[in-house]
Amino acid sequence: MNRTVIIAIDGPGASGKGTLARRLAAHLGYAYLDTGAMYRAVALQMLQAGADPADAQAALVAAQNLDTRLIDDRQLRTDRVGEAASRVAAHEDVRQALMVFQRSFATNPPGKSPGAVLDGRDIGTVICPDAQVKLFVTASPEARAHRRYTELGARGEAASEAKVLAELQVRDARDQTRSVAPLRAAPDAVILDTTDMAIDAAFAAALSAVAGKIASNGEPDL
Ligand code: DC
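Now for a quick tour of the structure. Within each chain, residues carry numbers counting from 1 in the order of the written sequence. Where totals are concerned, whole chains, interfaces and linings use all residues; where local detail is concerned, this predicted model gives features only for residues with pLDDT of at least 70, and gives and counts side-chain atom pairs only at 80 or more. Neither water nor hydrogens contribute to the side-chain values; these are computed over all heavy atoms in the structure.

## Brief notes about the side chain of Asp175
Basically, it comes down to this: In this text, helices come from DSSP runs of H or I with a minimum length of four residues, and strands from runs of E with a minimum of two, each type numbered from the N-terminal end. Buried residues are those whose accessible area, probed at 1.4 Å on protein chains only, stays under 20% of the maximum for their type, while exposed residues exceed 50% and partly exposed ones sit between those limits. Throughout this description, a polar contact denotes any pair of N or O atoms lying within 3.5 Å of each other; where both atoms belong to protein, one of them has to be capable of donating a hydrogen while the other can accept it, and for residues adjacent in sequence the pair is counted only when both atoms sit in side chains. Whether two residues are in contact is decided by their heavy atoms: any pair within 4.5 Å suffices.
You can see Asp175 is positioned in helix H8 (residues 161–177). Owing to a relative accessible area of 6%, Asp175 belongs among the buried residues under this scheme. Polar contacts involving the side chain of Asp175 include one to the side chain of Arg121, which spans 3.4 Å. Not counting residues up to four positions away in its chain, the partners in contact with Asp175 are Ser86, Arg121, Pro182 and Leu183.

In C-alpha cells form, the structure reads like this:
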C-alpha cells in the first residue's frame, strides 16, 4: 500500500517557505498545513484574553482550547502576534499539544489527499522525521527583513527596515536557541537559499528537489 507522501518544509521567518509550501501543495494536489499559524493563533488567543505569552500554564490552556477560527483572523500576521507566537512556541507543553494535530494531519491528510505539505520550524526534525522530502528554506537576514518590511508596508503597518531586521534577529535567536525543538535543518534536508532568487526560480528549485527525492525514495512519480 502506498503511504502518504509527506513534504516537510522548515526555515526561519520570511525565508519564503510559506509561499513555496503553498505553491507546492497546490501544484501536487496535496493538503497544506501552516504550523506557524497554529502558534500564532495560540498567541492571539492569549493576547485577546490579556494573558502573558511567557506564562507556560496559560499558554497550554490556550493551546488545548484553541479557537481555530483565529487562524483566519486579520491580526494573525501582525508583528505583535508574531513576536508573541515566538514566545508561546518555546513552551514544551504547547508544542506537545499542537504536535498531535500536526502529525495526524501529515499521516491522514484531509480530503484523502495523496500527500501533505507542512511548513514550520521543526517539521523535518521532530514532527515528521520520516518525511520522504525535507526542505530547509533560508535567506540572509537582510533579504528576509526586506521581504517582511515590504509585506508590512503592503498591509499598512508602518515600520523601519532596520527595526524589522532587529526584531527578526531576536526572533531567529529565540527560535534557534530554545531548548525544545529549536529551528535547525534536519541532516537529510535539501537546503534552499532564496536570498538571490525570485519566487518563480525558488519554486522551480523546490519542485526539482521534491521530484529528485521522490524518485530516489522509489515513491510513485508525481
Ligand atoms: O512562521 P511564523 O512566523 O508564522 O511562525 C510564528 C512563530 O511560531 C515563530 O516564532 C516560530 C514558531 N514556530 C515554531 O516554533 N514551530 C513551528 N513548527 C512553526 C512556527
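## Considerations on the sheet that holds strand E1 (residues 5–10)
Convention followed: Criterion used throughout: strands pair if DSSP finds at least two bridges between them. Axes here refer to lines fitted to C-alpha atoms; in helices the fit is confined to the stretch in contact. Angles between the N-to-C directions go from 0 to 180 degrees.
Reading across from one edge, E2-E3-E1-E4-E5 is the order of the 5 strands in this open sheet, with parallel pairing throughout. Edge positions in the sheet fall to strand E2 (31–34) and strand E5 (190–193), since each of these pairs with one other strand and no more. Neighbour-to-neighbour, the strand axes of the sheet open up by a mean angle of 20 degrees, direction not taken into account. Of the strand pairs in this sheet, strand E4 (residues 133–138) and E5 are connected by 4 bridges, and their pairing is parallel. From the neighbouring strand, Val137 faces E5, where its bridge partner is Leu192. Sheet strands in contact with helix H2 (residues 35–48) are E2 and strand E3 (115–120), and its direction is about 40 degrees off that of E2.

## What to know about the environment of Glu83
Following the sequence through the fold, Glu83 ends up in helix H4 (residues 79–88). Under the relative-accessibility criterion, Glu83 is labelled partly exposed at 24%. Taking C-alpha positions, Glu83 is 9.1 Å from Leu168, a pair spaced 85 residues apart along the chain. Beyond its immediate chain neighbours, meaning those up to four positions away, Glu83 contacts Arg171 and Arg174.

## Quick word on the pattern of salt bridges
Rules: For this analysis, a salt bridge means a side-chain nitrogen from Lys or Arg found within 4 Å of a carboxyl oxygen belonging to Asp or Glu.
For the structure on display, the rule yields 13 salt bridges. Residue Arg23 is joined to Asp200 by a salt bridge in which the shortest nitrogen-to-oxygen separation is 2.9 Å. One end of the pair, Arg23, is in helix H1 (residues 17–28); the other, Asp200, is in helix H9 (residues 199–216), with 177 residues separating them in the sequence. A salt bridge links Glu157 to Arg155, with the nearest nitrogen and oxygen atoms 3.1 Å apart. Bridged by salt links that share partners, the residues Glu83, Arg87 and Arg174 form one connected network.

## Thoughts on the site of the ligand
Test applied: Here, proximity means that at least one heavy atom of the residue falls within 4 Å of the molecule or strand. Areas reported here follow the Shrake-Rupley algorithm with a probe of radius 1.4 Å; residue values treat only the protein chains shown as occluding. Residue classes follow a fixed rule: Ala, Val, Leu, Ile, Met, Phe, Trp, Tyr, Cys and Pro count as nonpolar, while Asp, Glu, Lys and Arg count as charged, and any other residue, Gly among them, counts as polar.
Taken together, 15 residues lie near the ligand, and Arg40, Arg95, Arg121, Asp122 and Arg178 sit nearest. Taking Lys17, its side chain carries an N or O atom lying 3.5 Å from an oxygen atom of the ligand. In this structure, Thr35 approaches the ligand through a side-chain N or O atom, which is 2.9 Å from a nitrogen atom. Bound to the protein, the ligand loses 96% of the 450 Å² it would expose on its own. Those elements that place two or more of their residues in the shell around the ligand are H2 and H4. By residue number, the principal contributor to the shell around the ligand is H2, which donates 4 residues. Along the lines of polarity and charge, the residues of the shell around the ligand split into 3 nonpolar, 4 polar and 8 charged.

## Here we look at the pairing of E3
The buried count for E3 comes to 6 of 6 residues, which makes it a mostly enclosed element. Here E3 shows no split at all, with Gly115, Val117 and Asp119 on one side and Ala116, Leu118 and Gly120 on the other all buried. Pairing of E1 with E3, which is carried by 6 bridges, proceeds in the parallel orientation. Pairing of Asp10 across the sheet is with Gly120, part of E3. Sheet analysis places E2 next to E3, joined by 4 bridges and oriented parallel. When the sheet's bridge partners are listed, Leu33 is paired in E3 with Leu118.

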